[in-house]
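Architecture and fold: a report
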Amino acid sequence: MPELPEIETVKNTLMPLVCGKHIIDCKLIQETVIKHPQPTLFCQRIAGRLIQNLARRGKYLLIHLDDGAILVVHLRMSGRLLCTPASHPLKPHTHVIFSIEDGWELRFTDTRRFGCLWLIGAEETDDFTGMATLGIEPLSSEFCAAYLQNTLGKRRITIKQGILDQHVLAGLGNIYADESLFAAQICPYRAANTLNQAEWQRLAAVIPVILLAAIEHNGTTFRDYLDGEGKEGENLPFLKAYGRAGQPCLNCGAPLIKIKVGGRGTAYCPNCQK
């Protein structure tokens, strides 16, 4: 699933292409991806609106419109939101087409159909998307070691499960959890309540660094993820733990081990992350 760096990259690549342009029309090929409001009303409300700005909240992409409404997009496992000339052939599994000015289209594609779109009106309370329950942003000024320790320090869950909890940290996923724990030299299946203050400080220090580096490299592409222009991310060669099970640790040379933590595949170094 695209995580914070990938959604941030989609936002950054789409902004210069769509901001300040009107949505002329909306065509639904697969209505089930529209979760709110009813599909026909969704199209009626979005047609003619001006795209003012794009933002991100956790793993959600937010498209702010001129009437105060927000188009919320969650890509889930295999969703893509691409800006392309209207003359380009449709890709398989294209579900929604937003026709915008100057002969361009914003197309939502999704092979697995797990992705979701919502249109939240200016006067509506967001009881639909799940964003209301998200934790703080790990790139915000609120994020620090004290926050992690106060939130997770008394819990018996594994530290990896703790930092993957979207109610704790918004946007961190499996890739960057493994990378962050590797960089902080913390074993992913350690109980959160066993970490000491120095370990909380190390973890809080590395998480933003890992995320910002991934954003600089336009995210990580293994299979499905593309940015808003249809380009793959370039962060894969920079990963030090995730996806490297069986390969030598880049710090000590010991083979990385793959286990499951909370049902999630997890790669770590048994020597560096004791």
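Heads up: these notes are all about the structure in this document. (Residues numbered from 1 in each chain as written. Predicted model: local features only at pLDDT ≥ 70, side-chain atom pairs only at ≥ 80, totals over all residues. Heavy atoms only, no water.)

**A look at helix 3 (residues 145-152)**
- Within helix 3 the residues assigned to the buried category are A145, Y147, L148 and L152. Along the axis of helix 3, the buried positions cluster into a sector of 165°, meaning they face one direction only.
- Against the buried residues of helix 3 lie helix 4 (159-164) and helix 6 (197-216). (Buried < 20%, exposed > 50% of the residue type's maximum accessible area, 1.4 Å probe, protein only. Helix = DSSP H or I, 4+ residues; strand = E, 2+ residues; numbered from the N terminus. Arc of directions from axis to C-beta. Contact = heavy atoms within 4.5 Å.)

**Some thoughts on the pattern of salt bridges**
- With the rule as written, the count across this model stands at 13 salt bridges.
- A salt bridge links D224 to R223; the shortest N-O distance between them is 3.4 Å.
- D224 sits in the buried class, given a relative accessible area of 18%.
- The exposure class assigned to R223 is exposed, which follows from its relative accessible area of 59%.
- K231 is the partner of E229 in a salt bridge, and the nearest nitrogen-oxygen pair spans 3.8 Å.
- Since its relative accessible area comes to 41%, E229 is described here as partly exposed. (Salt bridge = Lys/Arg side-chain N within 4 Å of Asp/Glu carboxyl O.)

**Digging into the packing of aromatic side chains**
- For the structure shown, the criterion picks out four aromatic pairs.
- Relative to F98, the ring of F42 lies with its centre 6.4 Å away and its plane at 50°, an arrangement referred to as tilted. With F42 in helix 2 (residues 39-46) and F98 in strand 7 (residues 94-100), this residue pair connects regions lying 56 residues apart in the sequence. Taken individually, F42 and F98 each receive the classification buried, so the pair is uniform in this respect.
- Taking 5.2 Å as the distance between ring centres and 70° as the angle between the ring planes, the aromatic pair formed by F222 and Y242 counts as edge-to-face. Remark: Y242 occurs in the loop between helix 6 and strand 10 (257-261) and F222 occurs in the loop between helix 6 and strand 10; sequence separation between them is 20 residues.
- On the basis of relative accessible area, F222 is assigned to the partly exposed category, the value being 44%.
- Overall, the relative accessible area of 22% leaves Y242 in the partly exposed class. (Phe/Tyr/Trp six-rings, centres within 6.5 Å; stacked < 30°, edge-to-face > 60°.)

**Concerning unusual backbone geometry**
- The step from H36 to P37 runs through a cis peptide bond, and the omega angle for that step is -10°.
- The residue P37 is located in the loop between strand 2 (34-36) and helix 2 in this model.
- Phi at R76 is positive, roughly 55°, even though this residue is not glycine.
- Mapping R76 onto the fold places it in the loop between strand 5 (70-74) and strand 6 (79-85).
- In this structure, Q185 takes a positive phi of about 60° despite not being glycine.
- Tracing the chain through its elements places Q185 in the loop between helix 5 (174-184) and helix 6.
- Assessed through its relative accessible area of 40%, Q185 is described here as partly exposed.

**Brief notes about the sheet that holds strand 9 (residues 116-120)**
- With mixed pairing, five strands are arranged side by side in an open sheet as 2-9-5-4-3. Of all strands in the sheet, those bounded by a partner on one side alone are strand 2 and strand 3 (51-57). Mean inter-strand twist for the sheet, computed between neighbouring axes without regard to direction, equals 25°.
- One ladder, built from five bridges, connects strand 4 (residues 60-65) with strand 5; its direction is antiparallel. The residue of strand 5 that forms the bridge with I63 is L71.
- Packing against the sheet, helix 1 (residues 4-18) makes contact with strand 3 and strand 4, and its axis sits at approximately 175° to strand 3.
- Contacting strand 2, strand 4, strand 5 and strand 9, helix 2 crosses the sheet at an angle of about 60° to strand 9. (Pairing = 2+ DSSP bridges. Axes fitted to C-alpha atoms, helices over the stretch in contact; angles between N-to-C directions.)

Just geometry here; none of it tells us what the structure is for.
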